[in-house]
Amino acid sequence: MHSDFRGAAKKLEKETRERTQRAKQKGARESAENERVKARLAAYEEEQRQRRLTEMYEEEQERRRHEEVLEGNNGVWWSTMLRAAPLTSDLASRIKRSADKVSLSPSAERELTRQEASKNGAMLFELSSGGNRTHVGILDFTAAEGMIGMPPAVARNLWGDAGAAAGQDVSITYKKLQKGTFVRFQPRDADFQREVGDSIEGLLEQALLTRSTLTEGDWVRAQQGDRAWDLRVQQLRPDPQVSVIDTDMEADVDASLETEQKIAAEMAAAREREAQLAAMAAAAAKQAQEQEEAARLEADRLRAHRQAKQIALPPEPSSSSSQPITSCLVRLPDGTRLQRKFVSSAPLRTLFDFLEAQEGFSLPEGGYRLVGGYPRRVIEGTNGGSFAEGGLGVV
């Protein structure tokens, strides 16, 4: 009976410990999960905070830009997004400076008139699309709502030579521009100065008379008879964008883009040649170093080989030796003569050891053989036997 009670008590105690352990493990898991939830919540709140800060910063930057534009425009603000279309108005053919003039909608005219934009003189605008920007004047207000009629020269400055003013979204902002005082052009073609010659000043004046504005990076087309020259606006003063209406501008012409590209290509080719020569020199230096190291290792090997042969070589017997002696005279390929006496019973290999132990002897072991004069006989390092057995004379 007592043993049954003790067994039941032990079982109850064990079950209690197991329940307690499971409860602790569950509590630890719940605590860890709570910590993970807190960490995720904190990360989310920090992400939201950073996003709000970014939005606030962007709003502040936009507010400052707006204020700067308002100040520069004498209080006029007009900006919108329009869809580009090829200019269809026939007014361009009848007025000057039409190469960079666009057509806007009647509602744009009403808003600009309401803000008295005409107080700043000719209405000018900044266009931007795809990371590019240029500036334009106004041709008329006959475009459809939400559209902007755009001449080819403006489309080209926004989207490149292949650009077309059809279906592109364009951001447009009214902007008062300073009058330009200086422009530096860069011709596309290298023969511009040579072909135009003394007519260059008149050609530049004629090209400027087709424009209302200039923006650094713009392309301006100058017509000379049947030849059209493309000129890129390299530099402007006082600003990177200016009005060219009713102003005297100093003009300069830089080296052509073609010449600049040719020089750049020549410089790149020269750098490539220099790199190739440097690589060849480095390879030659490396090869010379490797050859020098190989020669040093070979010299060390030959020195160790000679020393080994010198150690293994028995002493030369004297003339008074009681043993039969063989005297050998060997003429090397360079004419050097080596002479030594050997005990006639010594192995023939000893003669090769003698030769290979000499300073300056560079023939590889096993790579040469000895040829006797008369009677003619060939002795190789692999020949067995002694001097006497090899048929060498005895002194």
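Every chain is numbered independently, its residues counted from 1 as its sequence is written. Where totals are concerned, whole chains, interfaces and linings use all residues; where local detail is concerned, this predicted model gives features only for residues with pLDDT of at least 70, and gives and counts side-chain atom pairs only at 80 or more. The side-chain values count all of the structure's non-hydrogen atoms but skip hydrogen atoms and water molecules.

1. Things to note about the UniProt feature "coiled-coil region" (unreviewed entry) in the protein
UniProt positions are given in the numbering used here, feature names are shortened, and annotations may be inferred rather than shown by experiment. As recorded in UniProt, the feature "coiled-coil region" (unreviewed entry) lies at residues 280-307. Summarising residues 280-307: 100% helix, 0% strand, and an end-to-end C-alpha distance of 40 Å. The helix count covers DSSP runs of H or I at least four residues long, the strand count covers runs of E at least two residues long, and both are numbered beginning at the N terminus.

2. Concerning the sheet that holds strand S12 (residues 250-253)
Across the sheet, which stays open at both edges, the four strands sit in the order S9-S10-S7-S12 with mixed pairing between neighbours. The open sheet has two edge strands with one neighbour each: strand S9 (219-224) and S12. Neighbour-to-neighbour, the strand axes of the sheet open up by a mean angle of 35 degrees, direction not taken into account. Here a strand pair is declared whenever DSSP counts at least two bridges between the two strands. Here S9 pairs with strand S10 (residues 227-237) via six bridges, running antiparallel. In the strand pairing of S10, Arg221 is matched with Asp230. Along the sheet, helix H5 (residues 200-208) contacts strand S7 (182-187), S9, S10 and S12; its crossing angle with S9, the most-contacted strand, is approximately 125 degrees. Should any heavy atoms of two residues lie within 4.5 Å, those residues are considered in contact. Axes, fitted as lines to C-alpha atoms, cover a helix only where it is in contact. Angles between the N-to-C directions of the axes lie from 0 to 180 degrees. Against the sheet, helix H6 (residues 257-312) makes contact with S7, S9 and S10, and its axis sits at roughly 65 degrees relative to S7, the strand it touches most.

3. Overview of the nonpolar core
By size, the foremost hydrophobic cluster in this structure holds 24 residues, and its most contacted members are Leu104, Phe125, Leu127, Ile148 and Met150. When contributions to this core are tallied by element, the ones reaching two or more residues are strand S1 (79-86), helix H2 (106-114), strand S3 (124-129), strand S4 (132-140), strand S5 (147-150), helix H3 (152-159) and strand S6 (169-174). Sequence-distant contacts of Leu104, defined by excluding residues within four places in its chain, comprise Trp78, Leu82, Phe125, Ile138, Asp140, Phe141, Thr142, Ala143, Ile148 and Ile172. We call a set of buried Ala, Val, Leu, Ile, Met, Phe, Trp, Tyr and Cys residues a nonpolar core when their side-chain atoms join them within 4.5 Å. Exposure is judged per residue with a 1.4 Å probe applied to protein chains only, and the accessible area is read against the type maximum: over 50% gives exposed, under 20% gives buried, and values in between give partly exposed.

4. Some points on the environment of Tyr44
If you trace the backbone, Tyr44 turns up in helix H1 (residues 2-72). Take Tyr44: its relative accessible area is 49%, and that puts it in the partly exposed class. Sequence separation of Tyr44 and Ala144 is 100 residues, and the distance between their C-alpha atoms is 47 Å.

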